[in-house]
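Summary of the model geometry
Each chain is listed here by its residues.
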Amino acid sequence: MVPWAQVLAYLWILVMVSVLCGLLPWGLYEMYHHHYETHVKAWFAAGVFVCLAVPISVWQIAQHFAHWNRPRLQRHVVRILWMVPIYAINSWLALRFDGAAIYLDTVRECYEAYVIYNFFAFLMEFLHQRPGFEQQLAQRPKKPHMFPLCCVTPWTMGRPFLRKCRHGVVSYVIVRPLCTAIALISELLDGYGEGEIDFSKTWIYTVIITNFSQAWAMYCLILLYVALKPDLKPIKPLPKFMTIKAVVFFSFWQSVLIAVLVHTGAIKNKETWTHYTQQSVAAGLQDFLVCVEMFIAAVGHHYIFSYKEYLPQGDPEATRSLSFRESLRHMFDVSDVHSDMMNHLQAVSTLSAEAGAKLNPLSSTAHLSDKTPLLSGSDLPLGMQVDSDSDTDEAVQPTPMPKQGYGTASNV
């Protein structure tokens, strides 16, 4: 084990000792001081699960850093593993300081979209290790859509198929933070109403928009898995996808169900819940359950996202190929996310220009020349696929798609 990893191991032990000798006694004192009120007992119980979940995840992340052999794959795995500490600590603080819950949950909700993106990017990194993968995929028959989109025309395989799946995932990465920003602004204007089924508040609308966007992103991931199941088999994507889906998708619908139960009166605030109003009960219960669920997720991640998958020829003694500083820089490098988001926004802008041109034939089509790599080649309308020698305004020369954010066999 390299020296920095030994230091990290000792630090991990110190944290565990501090939890046992510091946080637990403090939690017991808080319960006694507040006369064992319900919200304090819930906060203490949730804290126990957080103290169990965070060290498990941090240790697994440290093991990936100690065996950083395939950085372009492992950086996405580590980003996913950070979900448990961020979710757990965030929910625990929101449970204790319910007045700041709306602001604390902002971090969790934004990271949720980031996790979904990184799982998709992880799959793409692996697939693009194979030279000529997109060309091979283009020779395969089209994959029919699944329910409830059975009647939709199947997407062309190859680069167009991968691009459309990526659009579905990246759209959620954009929509989720936007809805979160709307929630923050609405809260400042006293118009959010978290957990309230009230159409005069913005919470219900952000839930509906987030649900549709999240469902579409999940559908694109499932369609990608079904279409490329044999290609993805070596990395065992199904258990990885199920753990992410369970945390993200289940926790979202769990919050909606709790809000409905509170709205119907099935769950009420009691007199002992001195820190909670009727409106904040739903958020408090959601935060408590997330703390418990993160312990289960941490245990699952320990086995499903193990660093052992990335050891050279399964060598348990193999150590990192990059320095610790380089590994951190690689993990925090979000240029791939920025590139995909910008390409998605440019593609949406181009499609909007195309729609406007069809509605108004007299308008100039010069804007259609600003094609992004995401809309090049076979994704263009049939009439737009012309030779580069054409000098008309409608001529658009297809350009190859740069593999921004994707890996190759030489650097994965």
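Definitions and limits used
Residues numbered from 1 in each chain as written. Predicted model: local features only at pLDDT ≥ 70, side-chain atom pairs only at ≥ 80, totals over all residues. Heavy atoms only, no water. Helix = DSSP H or I, 4+ residues; strand = E, 2+ residues; numbered from the N terminus. Buried < 20%, exposed > 50% of the residue type's maximum accessible area, 1.4 Å probe, protein only. Salt bridge = Lys/Arg side-chain N within 4 Å of Asp/Glu carboxyl O. Axes fitted to C-alpha atoms, helices over the stretch in contact; angles between N-to-C directions. Parallel < 35°, antiparallel > 145°, perpendicular 65-115°, else oblique. Left-handed = near helix turned anticlockwise from the far one by under 90°. Contact = heavy atoms within 4.5 Å. Nonpolar A, V, L, I, M, F, W, Y, C, P; charged D, E, K, R; others polar. Core = buried A, V, L, I, M, F, W, Y, C linked by side-chain atoms within 4.5 Å. Phe/Tyr/Trp six-rings, centres within 6.5 Å; stacked < 30°, edge-to-face > 60°. Lys NZ or Arg CZ within 6 Å of the ring centre and 35° of its normal. pLDDT = per-residue confidence, 0-100.

1. Brief notes about the environment of I86
- Looking at where I86 falls in the secondary structure, it is placed in helix α4 (residues 83-96).
- Accessibility expressed as a relative area gives 24% for I86, which makes it partly exposed.
- Sequence separation between I86 and Y111 is 25 residues; the distance between their C-alpha atoms is 8.2 Å.

2. Concerning the pattern of salt bridges
- Summed over the entire model, instances satisfying the criterion amount to 8 salt bridges.
- For D287, the salt bridge goes to R108, with nearest N and O atoms at 3.1 Å. Here R108 lies in helix α5 (residues 101-127) and D287 lies in helix α11 (residues 281-304), a separation of 179 residues in the sequence. One exposure class covers both D287 and R108, and it is buried.

3. Focus on the packing of helix α10 (residues 237-264) against α11
- Packing of α10 against α11 leaves a shortest axis separation of 10 Å and a crossing angle of 170°. Classified by the angle between their axes, α10 and α11 sit roughly antiparallel to one another. Here α10 and α11 pass one another in a crossing that is right-handed. Counted together, P239, K240, T243, V247, F250, S251, Q254, S255, I258, A259 and V262 of α10 and V281, A282, L285, Q286, L289, V290, E293, M294, A297, H301 and I304 of α11 form the full contact between these two elements.
- Grouping the constituent residues of the contact of α10 with α11 by class yields 14 nonpolar, 6 polar and 2 charged.

4. Some words on the nonpolar core
- One finds F161, L162, L221, L224, L228, L232 and M294 to be the most contacted residues of the largest nonpolar core, which totals 70 residues.
- The dominant element in this core, judged by the number of residues it contributes, is α5, at 14 residues.
- With sequence-adjacent residues up to four places away left out, L162 is seen in contact with F120, M124, H128, F133, E134, L137, L224 and L228.
- Core analysis: the second largest hydrophobic core is formed by 9 residues, W203, F252, V256 and A259 among them.

5. Concerning unusual backbone geometry
- Across the junction of F147 and P148, the peptide omega takes the value 10°, indicating a cis bond.
- Checked against the element boundaries, P148 lands in the loop between α6 (133-138) and α7 (159-188).
- At D190, a residue that is not glycine, the phi angle is positive and equals roughly 60°.
- Within the secondary structure layout, D190 lies in the loop between α7 and α8 (203-227).
- Not every positive phi belongs to a glycine, and K236 is a case in point at roughly 50°.
- Tracing the backbone through its elements, the reader meets K236 in the loop between α9 (229-232) and α10.

6. Quick look at the packing of aromatic side chains
- If you walk through the whole model with that rule in mind, you get 8 aromatic pairs.
- Through a chain of ring-to-ring contacts, the aromatic side chains of W155, F161, W216 and Y219 assemble into a single cluster.
- We note K240 situated over the ring of F305; from NZ or CZ to the ring centre the distance is 5.8 Å.

7. Concerning the environment of T202
- If you trace the backbone, T202 turns up in the loop between α7 and α8.
- On the accessibility criterion, T202 (24% relative accessible area) is partly exposed.
- Along the sequence, T202 and C179 sit 23 residues apart, while their C-alpha atoms lie 9.7 Å from each other.
- Setting aside its immediate chain neighbours within four residues, T202 contacts S186, G191 and Y192.

8. A closer look at the confidence of the model for the chain
- Taken over all residues, the pLDDT of the chain has a mean of 75, while the share at 70 or more is 64%.
- Scored below 50 in pLDDT, residues 364-412 shows 93 contacts in the model against residues more than four places distant or in partner chains.

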